[in-house]
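Take a look at the letters that make up each chain.
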Amino acid sequence: MMQFVSGGVTAAKGFTAAGVHCGIRKNKSKRDLAMIYCEKPCAAAAVYTQNLVKGAPILVTQENLKNGVAQAVICNSGNANTCNADGLEKARRMCELAGEALNIPAQDVIVASTGVIGQILPIEPIENAVEDLAAQLSTEGGTNAAEAIMTTDLIKKEVAVRFELGGKTVHIGGIAKGSGMIHPNMATMLCFLTTDAAISAEMLDEALHDVVKDSFNMISIDGDTSTNDTLAIMASGLAGNPEITQKDAGYEIFCQALLMLCKELSKLLAGDGEGATKLIICRVNGAKSDKDARGIAKSVICSSLFKAAMFGADANWGRVLCAIGYSGCQVDVNKVQVRFTSAMGEILVCRNGAGVEFDEDLAKQVLSEKKVTVEITLGDGDAKAEAYGCDLTYDYVKINGDYRT
């Protein structure tokens, strides 16, 4: 049985975390430096942004993870350390500082940064705070770490899952940040996952890539893919299950739990989009292929016109059909059915590619909820997919109009 539990990134055995204010951000009440640590070296893997412009921390983390081993994460918010001449030097220095504070090799540190692009990262605040940060590591520190990686996020994002594997109780936990500059195929998000499952680095990498295509790669907030996206996972093996070294039944169970956790974090990210008032889920059924199902769901969730309609609680289903039509996917538009659902009920708005009469007042109520699902049935096959997004509001422009200044 798989179930959500408390504990976040420290739910798994062997992990502690902390978050402090070091001074990168001017707001002294906001934590801006996070650390996650395991008592032993871990199997590790990561997935990164597909943007050709990559933050210096990504390049350093890629180098450090070539051997599939990591023991700690250090991450700052308030500055992305991207497009800076001294970026690599600063990212490597962050690894050195974490390594010295934890008495581990600098090469076993995952480093990440998030915030403004193109501004020099001040290293002195990190140098001055890292010892205190390490001293505050605890099994209760995950929440502080979750806060420390936030930028324009309004809520902390931390989730954990418990399940059985090989007769042992296993946990996967994680924290994430992301509110703007988020688009499918990784987005401006950082996500750090931990597990006490025993699994090889090779299988951990396979699992992460298997799961990301149906979770984090299905999020879009504003159509912009960031420079610093990093999704990293460390596995301590302390649960004591037989080590997963191939794609067997144990691997499948692990992937199911990992997907359950990543989908939940994806929904938290999408629902906390900059200026957003509601989480939008697009659920596609009956597609010819997984590729088509994903493509259609993404196309709808990315439509600015559709997102604006959702902000106004306007059941403008034609915008859904329009997005399906330009998705480039194989669809018989004469079979398409569209339904809007929420806690206030459900309403059918389109059948066989054409509109049907519906109660506009009920539609307004359904679409005014904090979570709205667009149910699309295609009738072309058996494939299905979900994408996660949010409405497009006036506040999105306000937030990004003066993000840097």
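In this text the structure is predicted, and so the values were computed from the model without any measurement.

1. A short note on the pairing of strand E4 (residues 69-79)
At step 1: Within E4, nine of the 11 residues are buried, which leaves it mostly tucked inside the rest of the structure.
At step 2: Note that strand E3 (residues 33-48) and E4 share seven bridges and pair antiparallel. Looking at E4, one finds that Ile36 is bridged to Val73.

2. Focus: the sheet that holds strand E15 (residues 383-390)
At step 1: Sheet architecture is open: six strands sit in the order E13-E12-E11-E14-E10-E15, paired in mixed fashion. Two strands close off the open sheet at either side, each with one partner strand: strand E13 (354-355) and E15.
At step 2: The pairing of strand E10 (residues 279-287) with E15 spans seven bridges and is antiparallel. Across the sheet, residue Leu279 finds its bridge partner in E15, namely Cys390.

3. Details of the packing of aromatic side chains
At step 1: Taken as a whole and judged by the stated rule, the model has one aromatic pair.
At step 2: Relative to Tyr394, the ring of Phe311 has its centre 5.2 Å away and its plane inclined at 90°; by these criteria the two rings are edge-to-face. Taken as a pair, Phe311 in helix H8 (residues 304-311) and Tyr394 in helix H11 (residues 394-401) lie far apart in primary sequence, 83 residues in all.
At step 3: Given the relative accessible area of 29%, Phe311 is considered partly exposed.
At step 4: Among the residues examined, Tyr394 registers a relative accessible area of 63% and is labelled exposed.

4. Digging into the environment of Val109
At step 1: Assignment of secondary structure puts Val109 in strand E5 (residues 109-116).
At step 2: Distance from Val109 to Cys95, taken between C-alpha atoms, is 5.6 Å for residues 14 residues apart in sequence.
At step 3: Setting aside anything within four residues of it in sequence, one finds Val109 in contact with Asn64, Ala72, Ile74, Cys95, Ala98, Gly99 and Ile104.

5. Some words on helix H3 (residues 124-135)
At step 1: Taken together, the buried positions of H3 are occupied by Pro125, Ile126, Ala129, Val130, Leu133 and Ala134. For H3, the angular spread of buried residues about the axis comes to 140°, placing them on one side. For H3, exposure combined with an orientation more than 90 degrees from the buried face picks out Asn128 and Ala135.
At step 2: Contact partners of the buried residues in H3: strand E2 (15-20), E3, E4 and helix H2 (87-102).

6. Quick notes on the packing of H2 against H3
At step 1: Taken N-terminus to C-terminus, the directions of H2 and H3 make an angle of 35°; their axes are 9 Å apart at the nearest point. Pair H2 / H3 crosses with right-handed handedness. Contact with H2, carried on its side by Arg93, Met94, Leu97, Ala98, Ala101 and Leu102, involves Ile126, Glu127, Val130, Glu131 and Ala134 of H3 and no other residues of that element.
At step 2: Tallied by class, residues from the contact of H2 with H3 come to eight nonpolar, no polar and three charged.

7. A word on the nonpolar core
At step 1: Leu193, Phe216, Phe254, Leu258, Phe340 and Ile376 are the most contacted members of the largest nonpolar core, which has 78 residues in total.
At step 2: Among the elements that make up this core, the one with the highest residue count is helix H6 (residues 249-271) (10 residues).
At step 3: Core analysis: the next-biggest nonpolar cluster, separate from the first, contains 30 residues, Leu97, Ile104, Leu121 and Val130 among them.

8. Focus on the packing of helix H7 (residues 290-302) against helix H9 (residues 318-325)
At step 1: Two numbers describe how H7 lies on H9: the axes approach to 8 Å, and their chain directions differ by 130°. With respect to each other, H7 and H9 are oriented oblique. The two elements H7 and H9 cross, and the hand of that crossing is right-handed. Here H7 contributes Ile296, Ser299 and Val300 to the contact with H9, which in turn contributes Val320, Ala323 and Ile324.
At step 2: Looking at side-chain class alone, the contact of H7 with H9 contains five nonpolar, one polar and no charged residues.

9. Observations concerning unusual backbone geometry
At step 1: In this structure, Cys83 takes a positive phi of about 60° despite not being glycine.
At step 2: Residue Cys83 is classed as exposed on the basis of its relative accessible area of 55%.
At step 3: The residue Ala313 is not glycine, and still its phi comes out positive at about 55°.
At step 4: By secondary structure assignment, the location of Ala313 is in the loop between H8 and H9.

10. A short note on the side chain of Ser77
At step 1: For Ser77, the location among the structural elements is in strand E4.
At step 2: Given a relative accessible area of 0%, Ser77 falls into the buried group.
At step 3: Beyond its immediate stretch of four places on either side in the chain, Ser77 contacts Ile24, Arg25, Lys30, Arg31, Asp32, Thr114, Ala148, Ile149, Met150 and Thr151.

11. Some thoughts on the side chain of Lys278
At step 1: Position of Lys278 among the secondary structure elements: in the loop between H6 and E10.
At step 2: Within the buried core, Lys278 has no salt-bridge partner, and the shortest N-O distance to an opposite charge, that of Asp391, equals 4.8 Å.
At step 3: There is a polar contact of 2.5 Å between the side chain of Lys278 and the backbone oxygen of Leu367.

Each value, and the rule that gives it
Residues numbered from 1 in each chain as written. Predicted model: local features only at pLDDT ≥ 70, side-chain atom pairs only at ≥ 80, totals over all residues. Heavy atoms only, no water. Buried < 20%, exposed > 50% of the residue type's maximum accessible area, 1.4 Å probe, protein only. Helix = DSSP H or I, 4+ residues; strand = E, 2+ residues; numbered from the N terminus. Pairing = 2+ DSSP bridges. Phe/Tyr/Trp six-rings, centres within 6.5 Å; stacked < 30°, edge-to-face > 60°. Contact = heavy atoms within 4.5 Å. Arc of directions from axis to C-beta. Axes fitted to C-alpha atoms, helices over the stretch in contact; angles between N-to-C directions. Left-handed = near helix turned anticlockwise from the far one by under 90°. Nonpolar A, V, L, I, M, F, W, Y, C, P; charged D, E, K, R; others polar. Core = buried A, V, L, I, M, F, W, Y, C linked by side-chain atoms within 4.5 Å. Parallel < 35°, antiparallel > 145°, perpendicular 65-115°, else oblique. Lys, Arg positive; Asp, Glu negative; His and termini not counted. Salt bridge = Lys/Arg side-chain N within 4 Å of Asp/Glu carboxyl O. Polar contact = N/O pair within 3.5 Å; in protein donor to acceptor, adjacent residues only side chain to side chain.

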